[in-house]
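Survey of secondary and tertiary structure
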Amino acid sequence: MSEVTASTPSPAAPKKMDDIVALCRRRGFIFQSSEIYGGINGFWDYGPLGTSLKRNLKNAWWNDVVERELIGPDGNSVDIVGVDCTIIMNPKTWVASGHVGGFADLMSTCRQCKKLMRWDHVWDMLSESDWWKAIEELYATPSSVTSETLMKWAQGKGRKLAPGLALVRNPQVTLSWLAERLAAQGNHFMDTREFVRHLATEQFARDGLQTPCPHCGGELTEPRQFNLMFETNCGAVKDENSLAYLRPETAQGIFTNFWNVCDSTRVKVPFGIAQIGKAFRNEVTPRNFTFRSREFEQMEIEFFIRPDTANEWYRWWRDWRFSWWQKIGLAGANLILREHDRDELAHYAKEGAGTSDIEYRFPFTAPGFGELEGIAHRADFDLKAHATHCGKGEKMRYFDQEKNDRYFPHVIEPSAGADRGTLALLCEAYTPDPSRASGVYMNFTPRMAPVKAGVFPLVNKDGLPEIAERLYRDLRRKHSIEFDEKQSIGKRYARMDEAGTPYCITIDHDGASSGTATIRHRDTQAQDRVALDQIPAWIDERVG
Ligand code: GAP
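Treat the numbers as computed from the prediction; the structure is a model and nothing was measured. (Residues numbered from 1 in each chain as written. Predicted model: local features only at pLDDT ≥ 70, side-chain atom pairs only at ≥ 80, totals over all residues. Heavy atoms only, no water.)

So, about the packing of aromatic side chains. Using the criterion set out here, one finds 26 aromatic pairs in the structure. Their ring planes at 80° and their centres at 4.9 Å tell us that Trp316 and Trp317 sit as a pair that is edge-to-face. Grouping residues by exposure puts Trp316 and Trp317 together as buried. With 6.1 Å between their ring centres and 0° between their planes, Trp316 and Trp320 make a pair best called stacked. One end of the pair is Trp316 and the other is Trp320, both in helix H15 (residues 310-330) and 4 residues apart, which spans about a single turn. Side by side, Trp316 and Trp320 carry an identical accessibility label, which is buried. Cation over ring: Arg420 sits above Phe291, and NZ or CZ is 3.7 Å from the ring centre. (Phe/Tyr/Trp six-rings, centres within 6.5 Å; stacked < 30°, edge-to-face > 60°. Buried < 20%, exposed > 50% of the residue type's maximum accessible area, 1.4 Å probe, protein only. Helix = DSSP H or I, 4+ residues; strand = E, 2+ residues; numbered from the N terminus. Lys NZ or Arg CZ within 6 Å of the ring centre and 35° of its normal.)

Here's what the structure looks like:
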């Protein structure tokens, strides 16, 4: 094996979310759901490359969690079994779990454009809106802003960008109130946020300063609770007796099956139950591509333990899950582990050993981070709640034969999003490189890469396609491989770079006569020459 050529990778350029979304669309990673009808907000489809990428992520999770040997903090093998539960469950499940009573976000509606939005998202959305940016520009030198400049803005740009803003709807009244308020507080300079709230406030005396609508600048209603569960009806009659919900998390299918699993298998505490499946939340403001969707997939483990071992298991799961994300390609400063403050804890985690999030720095959260996975000590909240609501109560306690004791096991829950994980892999892999024909390559780890290798005949004659095709068929028996004989070799490399294919194998004339092929490494563009009969082992060794 000898190295033929190599080039130095260019220095990293910043990643832009719009470019990543465009590549996902262009190369078939992710499409808008029902795009031909204009799409539907909060729903996404995966194309051929995206489906393979997401499947590789889910398979890696399932293999590493359920099928491989894992050694726990007690030095013993960690026992985890799988379940696959329904999306629609008896609605009493969601009363017991607390979702009917409490799975709500605070929501606000705009009185002008009527759009609904999550109250805790308003300021983030504002800072991204065009009209906010226009005011920021105007207010760059606060001393130059006068009633005249504001009036001019209101009658020009403001009308187009923020028709609902008090300043635009009723400039005379808003400006005269603004002057009065400023005089009353000694004309001090304020930050942009306070300034915008003044421009959004017509009748200060009634409600105080307004928080404006990010879409049109209009007046927002007081925030109200909004339940995030999608409702449906089971059976022919649509009434309150047939009401059911699409599950908002896969976890409750695991909890309600805890007793079935104990009865039908040999598991003993400590053990876990894992599930991968769809979850649905009627998110008020789905946004940031697939990050906050209304239909998404979760990869959840409920790990059942003796209550006095909660601390050690919590720490062990937290650290193992963090290192798992690193191993599949999110190594580096974009991945962090964040322990929650006590006031952030969910109702079920209040008394627990801890809760932490594994977070990734997405281009749209940078310099901040967004949650990929939560690891929570849920104590015995769920098992106890189901035991109580189904009417059997204490009788449902687990019998620990070793300790000769009955108790409700505590739970450590590592709960990850498959779509957020896929999105993080896409963002991490996206590597702009102006020196390449594609201008970009996706540096997935070989385990995650949708296509492991491309096989190309250099030209479509002289017996090269036949050799290439034989090799392709051989490799395909084990791996996902693409055969490509169209266009120039440079264009074929560019397509594979965008797909994130780690290796490209080319049969050229030298190779055909010497029984070899060149193998191009995606990241360095270096090439090795390898004997044809050694290529399957070469690929196995690197792709696994
Ligand atoms: N059983 C616990 C639970 O569901 P969660 O923090 O609400 O906890 C777990 O959700 C994971 O599911 C999150 O870390 C995230 O990766 C994913 N997730 C939650 N809501 C999502 C949404 N609207 N869109 C995409 N993924 C979401």
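Another point: the packing of helix H2 (residues 48-67) against helix H17 (residues 418-429). Packing of H2 against H17 brings their axes to within 10 Å, and their N-to-C directions diverge by 115°. Both H2 and H17 take part in a crossing whose hand is right-handed. Residue-level inspection shows Leu53, Lys54, Leu57 and Lys58 of H2 in contact with H17, the latter providing Ala418, Asp419, Gly421, Thr422, Leu425 and Leu426. Partitioning the contact of H2 with H17 into residue classes produces 5 nonpolar, 2 polar and 3 charged. (Axes fitted to C-alpha atoms, helices over the stretch in contact; angles between N-to-C directions. Left-handed = near helix turned anticlockwise from the far one by under 90°. Contact = heavy atoms within 4.5 Å. Nonpolar A, V, L, I, M, F, W, Y, C, P; charged D, E, K, R; others polar.)

Across the sheet, 3 strands lie side by side as S6-S5-S7; this open sheet has antiparallel pairing. At either margin of the open sheet sits one strand with a lone partner, and together these are strand S6 (116-118) and strand S7 (224-227). Adjacent strand axes in the sheet meet at a mean angle of 50°, parallel and antiparallel pairs treated alike. Examined bridge by bridge, strand S5 (residues 104-109) and S6 share 3 bridges and lie antiparallel to one another. By the bridge assignment for S6, Ser108 is matched with Met117. (Pairing = 2+ DSSP bridges.)

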